[in-house]
Amino acid sequence: MPFTRLTTKLTPPATTPYEVARLATGLESQGAARVVLVRAPAGFGKSTAMTQSYRAMEARGRSVAWLTLDSLDNDMSRFVHYLGEMMMHVGIVNSQPFSPMEAVDAIAAHDSAFTLFMDELDTLRDAGVLGLLREIIDRLPRGGQMVLGSRSWPDLGFGRLRARGQLVEIGPPQLRFSLDETRSFLHNRDALLPEHALLVLHNRCEGWATGLWLASLALQRRPDTVAFAQEFSGSDQALADYLAEDVLHGETPEVREFLLRTSVLKQLTAGICGALCPNVDCAAMLEHLATHGVFLTRIGDTPPTWRYHSLFASFLRARLEQRTDIDHRQLQLAASYAYEAEGRPVPAIDHAVLAQDSPRAIRLLSANADAFLEQGRLRLLDRWCQAIGPEALADDARLTHLALWATCFTRGPVDTLAQMGCSDALPGPGGPHGGAGYLALRAMLLALQDRYADAYAAGQLALRAIPSDLPFADSALLNLMANITSVLGITAESRKLLDMARSRFGGSSFNRMYAESLEGILDLFEGRMRQATARFRIAVESTHQATFNQAHGNAWAGVLYAYAMYEANRLDKADHLLNIYLPMARDVGLPDHMILSHALRTRLAFAAGDVDSTLHTIAELEHLGHLRNLPRVISAAHLERAHVFMQQGNARAARDELDRACGVPQKEGAQEYRLLAQDIEYPELADLRWRTCFGDAPTAASDAAAMATAAERAGRHRRALKLRLLQAIALHRAGRTVNALALLEQVLQAACREGFLRLVLDEVPWIRPLLCSHLLAQRDGGRQADDPIYAEFLGQLRTASNIALDAEPAQDAPLPPQEPLTRKELHVLQLLAQGYSNNAIAEKLVVADTTVRTHLRHINAKLNATSRTQAVALARRLRLIP
């Protein structure tokens, strides 16, 4: 069921004979800016200024493309489609379709200058769409530019662009009409005023374009223009209501009646308007209104489509409510039947819901629900079902069932259970939702609550009932059970269920995505990182067609691929993927993906020296855990915070967070689950890391060896690799350096074979001296000379960990600085130790980057250090900082 394609979305609004050239906005002089944000309240002429800039750039030969956004563009597939149209217009691509990340990569790789105009940005609300747009902005190539029109400040990371001088803001001060522009505009509108009255009106409007537009309409009907100008006042909304009433009063009764009746429509076509105004030549009426400038904007050509200015439409609807001789519900129903006749079920259902005709809305929903499910439009289904209400849906068992699935995938298990009238997802005797048909849904709810044993039991019962009359639920069940059995360690059964899903739903891109993702997870547990990465990439690429709308599927595959990129130390790529997929993972509520995505964002921020964002992300994860009653998520947040404190050398704070993580009550048997997010980050391992670095190293080495052996026996080779690494660190701290180096070489050889980089690099703060010794030994005649692949791997570790082999600090006691450090230098050292980057330190201290670099040079000179890492280490040994 494709959406209606509006070609005029891709062209700027047409010019009008009374338009004023907006040369004073400054928009034309921003050719070198990465992003130009045109931000102002409604009616300030944002679109006009952008249109004029578009035409000027086009005339100069620059590649430009336009998109007018609307609320329907919150559908990811629709947004990506129109993005593709823009990309084709400027020559970035030649054809569609493609996935969001393919679009981002194509834009980033384009080597010619271009500008993409997007107007009405504030209509975008979907976190995934905004994440994709943020990613596009982050990766704009040299010569690429975006001009964005919005009423509000968009959540697109513009603070960073502003700090870098890559954002130009055009706001009300630039968009307000100057006195000359006001004079020119009113002259074009034949609304002539004496100079002093013109000045009064200009000052009262304060350059607001819509106010001047409304005033010009009223002036054409007012003989005493001077008095009108002097009396003109009020807030924006009051001004619009006052003048709209004045304009409406000046129209003929036929025009007023048409305006009131059609105000219930979001889009106006002659055919749909004809259903509401059967005795009117609606095509001629729309052309008349457009010609006479009664707040009508053309938004489509086939058929000609219009919309009212939002302020004018709201005024009309308020007036309509006051009319007792017009049945508002009958207008909504007439629109619903007209849209149904045109084969447009979405607005047909919308108007049936607004008419409060539940039987009709339910009939339309039932007829189209399968198509909506295939498109992944679960949020739309949920909105309608909530508006209709569970009582009205009660007589349609199938639609009631679908409504619960829609709620599950869009608002999570708590809301779904409340909708079912249950306090628990376990099947109960009797009740409207206690039958076999609901077992698959209950299994899904239990899994989302981390109750995998219960979910497995419910799912086993549900498997006996398939195939059912709901293919969507059957597909979800098979994939779900494959995941549950994997978590429970029943690998053979997991693969069997995956094969069953492939055989029954083999043509589904969603099924391929899910199967490849799950196979990749199994590979990851068994230490096959390279094979897992390949599967995750295939999974992401398989979702760019019919199933990209399915936020559940994309969060599932996208976060896994982001993790693979992080493990390969491709941090920029991981960050770009998270911009898109983390909001999806957060909204869908999969515990493992929430933990994994937030942990990745935390570590990326810390690696970039953005400690404030690091701690904010952890706090967000902890809040989500409490909000959704997921103890494992809460515990994971404490573990990540402990990891940060350990990297900062704050042993006491790290210990407190570990104790809090261990104190969170977990589901019974949860410690035995094979959960990806906690394969190598779980309380016992975090405690072992702390004891390795700050506690009893010999005991920690013994415990690490035992835990690694157990992991190897269980086939959890990635976990075993991490434990052996911690064992090597503990052996080194216990004075058994020879044993530690031998074990480290075994770990690094295994990590090299499968491409595990961050598994090692995440432990660099504690493994650094041992790793340095190994690198020196390899340089001086180890296996590195005979194995170029291993040599390259060690080179990557050395570069990423910033190890300079000829300048590592000696281990004997350092000499105190001959010249004491200043208070400012000590403050800089403390921020360095906490992980802040130079830029972040500059922001904290409210100084320039050059000032921070000067402080660092003085610190290194006083401590006889050659790097920031060495300076921090020396300062701690000298007890200059904690």
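Because the structure is predicted, anything quoted here is derived from the model rather than measured. (Residues numbered from 1 in each chain as written. Predicted model: local features only at pLDDT ≥ 70, side-chain atom pairs only at ≥ 80, totals over all residues. Heavy atoms only, no water.)

Enquirer: Can you tell me about the overall build of the protein chain, naming the residues and giving the values?
Expert: Counting its secondary structure elements, the protein chain contains 44 helices and 7 strands. For the protein chain, the proportion of its 882 residues judged to be buried stands at 56%. Intrachain contacts of the protein chain at a sequence separation of at least 6 include 69% that bridge at least 24 residues. (Helix = DSSP H or I, 4+ residues; strand = E, 2+ residues; numbered from the N terminus. Buried < 20%, exposed > 50% of the residue type's maximum accessible area, 1.4 Å probe, protein only. Contact = heavy atoms within 4.5 Å.)

Enquirer: Explain the pattern of salt bridges to me, and be specific about the residues and the numbers.
Expert: Inspection of the entire model under this criterion finds 48 salt bridges. Close ionic contact of Arg-528 with Asp-523 constitutes a salt bridge, the shortest N to O distance being 2.8 Å. A residue is classified by how much of its surface remains accessible, and Arg-528, at 27% relative accessible area, is partly exposed. The class for Asp-523 is buried, based on a relative accessible area of 1%. Between Lys-722 and Glu-763 there is a salt bridge whose closest N-O contact spans 2.7 Å. (Salt bridge = Lys/Arg side-chain N within 4 Å of Asp/Glu carboxyl O.)

Enquirer: Lay out unusual backbone geometry with the relevant residues and their values.
Expert: For residues other than glycine, phi is negative in most cases, and the peptide bonds are mostly trans. Residue Pro-467 follows Ile-466 across a cis peptide bond; omega there is 5°. Even without glycine at this site, Glu-120 takes up a positive phi of about 65°. Here Asp-450, not a glycine, exhibits a phi torsion of approximately 70°, which is positive. Looking at where Asp-450 falls in the secondary structure, it is placed in the loop between α22 (439–448) and α23 (452–463).

Enquirer: Explain the packing of aromatic side chains to me, using residue names and the numbers behind them.
Expert: Scanning the model with the defined rule gives 5 aromatic pairs in all. When the centroid spacing of 5.9 Å and the interplanar angle of 90° are considered together, the rings of Tyr-54 and Trp-66 count as edge-to-face. Taken together, the residues span a long stretch of sequence, with Tyr-54 in helix α1 (residues 46–59) and Trp-66 in strand β2 (residues 63–68) at a distance of 12 residues. Since its relative accessible area comes to 1%, Trp-66 is described here as buried. When the centroid spacing of 5.8 Å and the interplanar angle of 50° are considered together, the rings of Trp-690 and Phe-694 count as tilted. Of this pair, Trp-690 and Phe-694 both sit in helix α34 (residues 683–694), 4 residues apart, roughly one helical turn. Accessibility expressed as a relative area gives 16% for Trp-690, which makes it buried. Ring-pair connections join several aromatic residues into one group, and the members of that group are Tyr-54, Trp-66 and Phe-117. One Lys or Arg, Lys-9, reaches over the ring of Tyr-82 and ends 5.0 Å from the middle of that ring. We note Arg-360 situated over the ring of Tyr-337; from NZ or CZ to the ring centre the distance is 3.6 Å. (Phe/Tyr/Trp six-rings, centres within 6.5 Å; stacked < 30°, edge-to-face > 60°. Lys NZ or Arg CZ within 6 Å of the ring centre and 35° of its normal.)

Enquirer: Please set out the packing of helix α17 (residues 345–354) against helix α19 (residues 378–388) residue by residue, giving values where relevant.
Expert: Close contact between α17 and α19 brings their axes to 10 Å; oriented N to C, the two are set at 20°. Classified by the interaxial angle, the pair formed by α17 and α19 is roughly parallel. Here α17 runs over α19; the crossing is left-handed. Along the contact surface, α17 presents Val-346, Ile-349, Asp-350 and Val-353, while α19 presents Leu-380, Arg-383, Trp-384, Ala-387 and Ile-388. Residue composition of the contact of α17 with α19, grouped by class: 7 nonpolar, no polar and 2 charged. (Axes fitted to C-alpha atoms, helices over the stretch in contact; angles between N-to-C directions. Parallel < 35°, antiparallel > 145°, perpendicular 65-115°, else oblique. Left-handed = near helix turned anticlockwise from the far one by under 90°. Nonpolar A, V, L, I, M, F, W, Y, C, P; charged D, E, K, R; others polar.)

Enquirer: Describe the sheet that holds strand β3 (residues 114–119), with residues and values.
Expert: Across the sheet, 5 strands lie side by side as β2-β3-β4-β1-β5; this open sheet has parallel pairing. The strands lining the two open edges of the sheet, one partner per strand, are β2 and β5 (167–170). On average, each strand axis in the sheet is tilted by 15° relative to the strand beside it, whichever way the strands run. Sheet topology note: the strand β1 (residues 35–39)/strand β4 (residues 144–150) ladder contains 5 bridges and is parallel. (Pairing = 2+ DSSP bridges.)

Enquirer: Give a description of the nonpolar core that names residues and reports values.
Expert: Within the largest apolar cluster, 221 residues are counted, with the highest numbers of intra-cluster contacts made by Met-118, Leu-148, Tyr-308 and Trp-405. Residues Leu-621, Ala-637, Ala-842 and Ile-881 belong to the second largest nonpolar core, which totals 34 residues. (Core = buried A, V, L, I, M, F, W, Y, C linked by side-chain atoms within 4.5 Å.)

Enquirer: Describe the environment of Thr-297, naming the residues involved and giving the relevant values.
Expert: As for its position among the elements, Thr-297 is in strand β6 (residues 296–301). Thr-297 sits 10 residues away from Arg-307 along the chain, and the two C-alpha atoms are 5.3 Å apart. Excluding residues within four positions of it along the chain, Thr-297 makes contact with Thr-305, Trp-306 and Arg-307.

Enquirer: How would you explain the pairing of β1 if you had to name every residue and give the values?
Expert: Taken residue by residue, a regular strand's side chains alternate between the two faces of the sheet. In terms of burial, β1 is a largely internal element, 4 of the 5 residues being buried. Alignment of β1 against β5, held across 4 bridges, turns out to be parallel. What sits directly across from Leu-37, in β5, is Glu-169.

Enquirer: Residues and numbers for the side chain of Glu-681, please.
Expert: Mapped onto the elements of the fold, Glu-681 is located in the loop between α33 (651–663) and α34. A residue is classified by how much of its surface remains accessible, and Glu-681, at 12% relative accessible area, is buried. Here the side chain of Glu-681 touches Arg-603 through a polar contact of 3.4 Å, side chain to side chain. Contact partners of Glu-681, with chain neighbours within four places excluded, come to Arg-603, Leu-639 and Arg-689. (Polar contact = N/O pair within 3.5 Å; in protein donor to acceptor, adjacent residues only side chain to side chain.)

Enquirer: Describe the packing of α34 against helix α36 (residues 717–733), naming the residues involved and giving the relevant values.
Expert: Taken N-terminus to C-terminus, the directions of α34 and α36 make an angle of 20°; their axes are 9 Å apart at the nearest point. Classified by the interaxial angle, the pair formed by α34 and α36 is roughly parallel. Regarding α34 and α36, the two cross each other, and that crossing is left-handed. Contacts between α34 and α36 involve Leu-685, Leu-688, Arg-689, Arg-691, Thr-692, Cys-693 and Phe-694 on the former and, on the latter, Lys-722, Leu-723, Leu-726, Ile-729, Ala-730 and Arg-733.

Enquirer: Which residues make up the pairing of strand β7 (residues 304–308), and what values go with them?
Expert: Where β6 and β7 come together, 5 bridges link them in antiparallel fashion. Looking at β7, one finds that Leu-296 is bridged to Tyr-308. Taking the residues that link successive antiparallel strands as the turn, the β6-β7 hairpin has 2 residues.

Enquirer: Explain the side chain of Glu-763 residue by residue, including any values.
Expert: Structurally, Glu-763 can be placed in the loop between α38 (758–761) and α39 (764–779). Classification of Glu-763 by relative accessible area gives buried; the value is 0%.

Enquirer: Account for the confidence of the model for the protein chain, with residues named and values stated.
Expert: Detailed reading of the predicted model is not advised wherever pLDDT is low. Taken over all residues, the pLDDT of the protein chain has a mean of 83, while the share at 70 or more is 86%. Here residues 544–553 is modelled with pLDDT under 50, and outside its nearest four sequence neighbours on either side it reaches 37 contacts, counting other chains as well. pLDDT under 50 marks residues 807–811. Its contacts with residues more than four places away, or in other chains, come to 8 contacts. (pLDDT = per-residue confidence, 0-100.)

Enquirer: Can you tell me about helix α4 (residues 127–138), naming the residues and giving the values?
Expert: An α-helical segment advances 3.6 residues per turn. Residues three or four places apart therefore align on the same side. Taking 1.5 Å per residue as the helical rise, α4 with its 12 residues ought to reach 16 Å, and the 16 Å between its terminal C-alpha atoms agrees with that figure. Where burial is concerned, most of α4 is hidden: 10 out of the 12 residues are buried. Within α4, burial applies to Ala-127, Gly-128, Val-129, Leu-130, Gly-131, Leu-132, Leu-133, Glu-135, Ile-136 and Ile-137. (Expected span 1.5 Å × (residues − 1).)

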